[in-house]
Amino acid sequence: MLFFILMLIVIWILLVFEAPLAIHTAVVAGMLFFAGWHWSSPVLVIVWSLFILIALVLNLAQVRKQVLTRPLLKLFRKIKPRLSATEQAALEAGDVWWDGDLFSGRPDWDKLLAVPPATLSAEEQAFLDGPVNELCALLDDWEITQQRQDLPPAAWKMIKEQGFFALIIPKKYGGLEFSAMANSALITKLASRSLTAAVTVMVPNSLGPAELLMHYGTEEQRDYYLPRLARGEEVPCFALTGPNAGSDAASIPDMGVVCSGEWQGEQVTGIRLNWEKRYITLGPVATLLGLAFRLYDPERLLGGQEDIGITCALVPTDLPGIEIGQRHNPLNVPFMNGPNWGHDVFIPLEMIIGGRSGAGKGWQMLMQCLSAGRGISLPALSVGAAKLVARDTGAYAAVRRQFGLPIGRFEGIEEVLTRIAGETWLMNAARDLTCAALDQGSKPAVISGIVKQNLTERMRAVVNDGMDIEGGKGICLGPNNHLASAYQAIPIGITVEGANILTRSMIIFGQGAIRCHPWILQELRAADNPDPREALNKFDEAFFGHLGLSLRNGASALFYGLTGGYFIAVPESPQRRWFQQVTRYSTAFSLTADLLMVTLGGRLKLKEKITGRMADILSELYLLSAALKAVASGGAANQEVLLEWNCRRSIDRIQENFLAIIRNLPLPLRILLRVLIFPLGAWAAPPDDKLGGAVAATILTPGPQRDLLTAGLYLSADDQAPDRILTAAFQLAAETDALEKDLRHALKVGTLNARQADLLEQAVKQGIISAEEKERLQRARDLRQRVIAVDAF
C-alpha cells in the first residue's frame, strides 16, 4: 500500500513538471523493479503483466490507435454535440490569442509581456488634437439631447468631410486607416463630450458596410463604395436585427429569392427582397444599407441548393420598395436609430457583398468582423464614461463640503470613490491590451466578448456610483449636469452588439470552451473528417493531448493549492505573486472546464448559471492579465496601488465563483474539485480599507496618478464652461485645504465667531490668514458655489 501511494506521488510530481510519457513509463518500471524484491511471485507476475500491457498500449502508437483510439473515436462521434452551420461559423470566427493561454492552464507570460503597448502615431495624435477637438467644440450635449434631438448641422458636416466615417478605410481609398488604438482613443474623447456623437461615429467604423467591403467585397465594390464612404458621400448603416431575430440573429426571417427582374432597363438575374428591421443605427439618414437576409434559390438559377443561407448585400436606400421608418428614441440619447422595411425590392446579384461567390457566406462575414469590432467601440465608449466620472466626481467630492469637510473625506464616500478609481484604471488597462492585440493583427473573438461585456457592466457600476455621490445635483437635468447623459445611456451599451446576459451566459465560455481550448476543436474536426485514416491519426493526437492536459492540470492544481503557488515559474517582477496567482487559477479554470464538459456533456449548454460563472472567472483572469501588463509596460508612478487593489478584489471574486460552481455540482465532482483547487481552504480576501483609501486618493487629489487615470478626455476651451469651472474649483480646493483647516481650528477654539458674516475678514484681522490668502479662499468658495449649483427652469 505504501509503495502504491509513493508511486502515485511520483506520478503526480512528474505530471506537474510535464514529464513525457516515456519518462513516466521508465520511472514506474524502475520503481516496480526495486519494489518487486519484496513481493510474492504471483503478485509480481500480475503487476508486471498489467504494467507491460498498459505500457505497450500507451507507448506504441499503432497499437494504441487500434486498441483505444478507434473505439473512443466511434463513441465520441455518437456523443459529440451537433453544431449547426451558424454555430460552426461562430466558432470559426476570429482567432485565439491570450484567451488560449488562459484556457491551457499555463499562460506564457513572456509572450504577453512582449506585446508592444498600444500607441498612437504622430498623424493619429494630430487628428485627436485637431479635428476631434474641433468637433467636440461644436457639441453641446444639452442642446443635442433636449432641444435639437440631433447633432448640429455643422457637426454632421464635419463628421462627413473630415473622415470620421473613414477611420478604418485604407488610405488608398481616401480613408484614414487608423489603428485600433486611435479608433478607441477617438471614441473615448468624443464620449466625454457627447454620447450621441460618439455612437454616430463609432457604428460605421465597427460592424458596417466599410468593414465588410474591406474584407469580403469584390474589387469593383471596394473601388466604387469605399472612396464614397471615405468622403462622406454615402452614409452607411447595417441592418441585422429584426422584431423576431434579436439574440438569435442567425434565424432572421428576412428573405431574398433569386429570380429574374429588370435592372436599369435590362433583364438580369437578381434577388427580390422582403425584410423588416429595427434598432438600425444611422438607418433614418443612411444612403447605403448593408442588409443581412436569408437567400433562397427555388429555381436553382445559381445551380446549387435551394436554401443558400444568410447573405449580406449593399442596397441603396432610394430603391423602390424601401421604407424608412420614424426614429426610435434610445433613452434620450438621440443618435439616428430606427426601423426600415423592404417590399419586393429587386437588386442584381452583383450587390451581394463579395458578388455571387459571397452568396450564403453572410454569417461567416458578420462573425469574423464582429470578432474585432466588438473589442473597440463599446469598450472605448465605456472607458470614456468611466474616466469622465473619475475626473468629475472625484473633483466634485473634493469641492463639495458638508460638516465642514470635503465629502470625499468621509469613509462612506471614500469607499465609492475607491470603486470608481479602481474600476476605471482596470477598464483602461483592458482596453489598451485589447487594442494592442488588434493592432498586432489578432482578432480574438472571445476576448472581444469579454471586454464588451465587462467594460459596459463596469461602466454601469461606475456611473451609478458617481450618481450616488453627486446626489441631488446628479438627478436634476440641466446644462451643468455632467452625469445625466451617461446615466441615461447605460442600458444602450449593455444591450447592443450582443446583450450582456447572452454574452456572459452563452458566448464567453460557451464559445471559448471549444474555440480556445487547446484540443477540443481539434477533436471535433477529427471526428468530422471523412478520411478514416486521417481522422484516426488526428483524433489520437487530440484525444491523448487532451487527456495529458487534464491530468497535468489536475496534478498542478493540487500542487499549487498545497503550496500557495509559490513555486510557479513566472517573470521576475515586483508583481511576481500576482503572476503566480493568475497562473494558479488559470490551471484551476482549465481543469474545471474539462471536468464540466466531460461530466455534463451537452447539458452544460443549459447550465447557464454555471457557464456564466465560468465566464466571470475567465474575464477576471483576462482583466488581471491586462492590469499586470499595464504596470509592466510602465507609465505614471504608483500604479501598484491600483494594481494591488484590483488583484485582491479579482482573486476574491474568482474564488467566490469557483465556490459557487462547486456548490452546484453533483457530490463526487464537488468533492473532487474542492480537494484539487482548495486543498487547504479558500484563503483569498478582498482589499482592506487602508488600501481602498489610497486608491480613492488617486482621484481626490491633483497629481500624475489622476492625470494618467483621466487622460484622453475633452476639456472645453471656454473658461466659463462647467467642466473648466469644476477643474478650477478642484485645483483651488486642493490649494486652500490647509487654510480651511486653520479656519476650522480657529472656530473650534473660539478665536473666530461663526455667527458673524465676515468670517474671512475676522481671520485676516486675527492674523490667521493673509489678505492674499483671503482672496484665494473667497475665489475657491465662489467657484464651489458655482459647482454645486443646480439648474432650474
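What counts and what doesn't
- Residues numbered from 1 in each chain as written.
- Predicted model: local features only at pLDDT ≥ 70, side-chain atom pairs only at ≥ 80, totals over all residues.
- Heavy atoms only, no water.
- Helix = DSSP H or I, 4+ residues; strand = E, 2+ residues; numbered from the N terminus.
- Rg over C-alpha atoms; globule rule 2.2 N^0.38 Å.
- Buried < 20%, exposed > 50% of the residue type's maximum accessible area, 1.4 Å probe, protein only.
- Contact = heavy atoms within 4.5 Å.
- Areas by Shrake-Rupley, 256 points an atom, 1.4 Å probe, with all protein chains shown as cover.
- Lys, Arg positive; Asp, Glu negative; His and termini not counted.
- Charge placed at Lys NZ, Arg CZ, Asp CG, Glu CD.
- Pairing = 2+ DSSP bridges.
- Polar contact = N/O pair within 3.5 Å; in protein donor to acceptor, adjacent residues only side chain to side chain.
- Phe/Tyr/Trp six-rings, centres within 6.5 Å; stacked < 30°, edge-to-face > 60°.
- Expected span 1.5 Å × (residues − 1).
- Patch = residues over 30% accessible without salt bridge, like charges linked within 9 Å, V, L, I, M, F, W, Y side chains within 5 Å.
- Salt bridge = Lys/Arg side-chain N within 4 Å of Asp/Glu carboxyl O.
- 1 Å grid on protein atoms, 1.4 Å probe; cavity = no way out; pocket = protein on both sides within 12 Å on 5 of 7 lines; lining within 4 Å.
- Points joined across faces, edges and corners; volume = space filled by probe spheres on them.
- Nonpolar A, V, L, I, M, F, W, Y, C, P; charged D, E, K, R; others polar.
- Axes fitted to C-alpha atoms, helices over the stretch in contact; angles between N-to-C directions.
- Parallel < 35°, antiparallel > 145°, perpendicular 65-115°, else oblique.
- Disulfide = S-S within 2.5 Å.

Peer 1: Looking at this structure, I do not really get the overall build of the chain. What am I missing?
Peer 2: The secondary structure content of the chain amounts to 32 helices and nine strands. Here the C-alpha radius of gyration of the chain, 31 Å, is about what a compact globule of 793 residues would show, namely 28 Å. Put simply, the chain has 793 residues, and 56% of those count as buried. A separation of at least 24 residues holds for 74% of the contacts in the chain among residues at least 6 apart in sequence. Looking at the chain as shown, the accessible area adds up to about 34000 Å², and 57% of this sits on carbon and sulfur atoms. Distance between charge centroids for the chain: 7 Å, based on 76 positive and 81 negative side chains.

Peer 1: Explain the pairing of strand β3 (residues 266–281) here, please?
Peer 2: Side-chain direction in a regular strand flips from residue to residue, so the side chains alternate between the two faces of the sheet. Sheet analysis places strand β2 (residues 255–263) next to β3, joined by nine bridges and oriented antiparallel. The partner of Glu-262 across the bridge, within β3, is Gln-267. Between β2 and β3, which pair antiparallel and follow one another directly, the connecting turn spans two residues, one of which, Gln-264, has a positive phi of 55 degrees. By the bridge criterion, nine bridges tie β3 to strand β7 (residues 337–348) in an arrangement that is antiparallel. Opposite Arg-272, over in β7, you have Phe-346 as the bridge partner.

Peer 1: Can you help me understand the environment of Val-790 in this one?
Peer 2: Relative to the helices and strands, Val-790 resides in the segment after α32 (771–788). Put simply, Val-790 and Thr-503 are 287 residues apart on the chain and 39 Å apart in space, counted from C-alpha to C-alpha.

Peer 1: Explain the side chain of Ser-104 to me, please; I cannot follow it from the model alone.
Peer 2: Locating Ser-104 in the fold gives a position in helix α6 (residues 98–104). Taking the relative accessible area as the measure of exposure, Ser-104 reaches 14% and is therefore buried. Engagement of the side chain of Ser-104 in a polar contact is seen with the backbone nitrogen of Arg-106, the distance being 3.1 Å. Apart from residues lying up to four places away in sequence, Ser-104 is in contact with Pro-518, Leu-549, Arg-552, Asn-553 and Ser-590.

Peer 1: Could you clarify how one ought to interpret the packing of aromatic side chains in this entry?
Peer 2: The description of an aromatic ring pair uses the distance of the two centres, along with the angle that the planes make with each other. Enumeration according to the criterion identifies 20 aromatic pairs in this entry. Seen from their ring centres, Phe-103 and Phe-509 are 6.3 Å apart, and the 15 degrees between their planes marks the pair as stacked. Of the two residues, Phe-103 sits in helix α6 while Phe-509 sits in helix α20 (residues 500–515), which places them 406 residues apart along the sequence. Owing to a relative accessible area of 0%, Phe-103 belongs among the buried residues under this scheme. With relative accessibility at 2%, the residue Phe-509 sits in the buried group. Measuring from ring centre to ring centre gives 6.4 Å for Phe-658 and Phe-678, while their planes differ by 75 degrees; the resulting arrangement is edge-to-face. With a gap of 20 residues between them, Phe-658 in helix α25 (residues 639–663) and Phe-678 in the loop between α26 (667–677) and α27 (689–700) connect regions that are remote in the sequence. When its relative accessible area of 1% is taken as the criterion, Phe-658 is described as buried. On the basis of relative accessibility, which here comes to 3%, the residue Phe-678 falls in the buried class.

Peer 1: What am I meant to see in unusual backbone geometry here?
Peer 2: Of all residues except glycine, most have a negative phi; of all peptide bonds, most are trans. Even without being a glycine, Gln-264 presents a positive backbone phi close to 55 degrees. Structurally, Gln-264 can be placed in the loop between β2 and β3.

Peer 1: Explain helix α15 (residues 362–373) here, please?
Peer 2: Two residues of an α-helix separated by three or four positions point the same way, owing to the 3.6 residues in each turn. With twelve residues, α15 extends 16 Å from end C-alpha to end C-alpha; this agrees with the ideal 16 Å at 1.5 Å per step. In terms of residue burial, α15 counts as a mostly covered element, since ten of its twelve residues are buried.

Peer 1: How should a nonpolar patch on the surface be read in this particular structure?
Peer 2: Residues Met-1, Leu-2, Ile-5, Ile-9, Ile-13 and Phe-17 make up a contiguous nonpolar surface patch of about 690 Å² in total accessible area. Tracing the chain through its elements places Phe-17 in the loop between α1 (2–16) and α2 (21–35).

Peer 1: Looking at this model, I keep getting lost on the pattern of salt bridges. Mind explaining?
Peer 2: Should their charged atoms come close, side chains of opposite charge can pair. The final tally for this structure, using the stated rule, is 30 salt bridges. Here Arg-409 ties to Asp-737 by a salt bridge, and the two come within 2.6 Å at their closest N and O atoms. Separated by 328 residues along the polypeptide, Arg-409 in the loop between β9 (405–406) and α17 (411–439) and Asp-737 in helix α30 (residues 737–749) bring together distant segments of the chain. Where Glu-740 meets Arg-781, a salt bridge forms, and the shortest distance between an N and an O atom there is 3.1 Å.

Peer 1: Explain a negative patch on the surface to me, please; I cannot follow it from the model alone.
Peer 2: Where like charges cluster on the molecular surface, the negative patch consists of Glu-411, Glu-415, Asp-688 and Asp-689. The class of Asp-689 is exposed, set by a relative accessible area of 65%.

Peer 1: Whenever I open this one, the layout of surface pockets confuses me. Can you help?
Peer 2: Over the atoms, a rolled probe matching the size of one water molecule traces out where space is still vacant. Its volume calculated, the second largest pocket comes out at about 940 Å³. For the second largest pocket, the lining is made up of 28 residues, of which Leu-15, Leu-21, His-24, Leu-58 and Leu-551 are closest to its centre. Broken down by secondary-structure element, the contributors of at least two residues to the lining of the second largest pocket are α1, α2, α3 (41–59) and α22 (532–563). By residue number, the principal contributor to the lining of the second largest pocket is α22, which donates eight residues. Grouping the constituent residues of the lining of the second largest pocket by class yields 20 nonpolar, four polar and four charged.

Peer 1: Just checking my understanding: could you explain the environment of Ile-501 for this structure?
Peer 2: With respect to the element layout, Ile-501 can be found in helix α20. Exposure remark for Ile-501: the relative accessible area of 72% places this residue in the exposed category. Through-space distance from the C-alpha of Ile-501 to that of Gln-453 is 8.5 Å; in sequence the pair is 48 residues apart.

Peer 1: Looking at this structure, how should I read the packing of helix α4 (residues 61–79) against α22?
Peer 2: Think of two packed helices as two axes; the pair is described by the angle between the axes and how far apart they sit. For the pair α4 and α22, the least separation of the axes is 10 Å and the interaxial angle reads 90 degrees. Classified by the interaxial angle, the pair formed by α4 and α22 is roughly perpendicular. Seen from α4, the contacting residues are Arg-64, Lys-65, Gln-66, Leu-68, Thr-69, Arg-70, Leu-72, Leu-73, Phe-76 and Arg-77; seen from α22, they are Ala-535, Leu-536, Asn-537, Phe-539, Asp-540, Phe-543 and Phe-544. Counted by class, the contact of α4 with α22 contains nine nonpolar, three polar and five charged residues.

Peer 1: Would you take a moment to explain the state of the cysteines for this structure?
Peer 2: Note: disulfide means a covalent bond formed between the sulfur atoms of two cysteine side chains. Applying the stated criterion to the full structure yields zero disulfides. We note that Cys-259 lacks a disulfide partner, and the nearest cysteine sulfur, in Cys-312, lies 19 Å from it. A relative accessible area of 13% places Cys-259 in the buried class. Take Cys-516: it sits in no disulfide, and the sulfur closest to it among the cysteines is that of Cys-435, at 19 Å.

Such coordinate-based values are descriptive only and should not be taken to indicate function.
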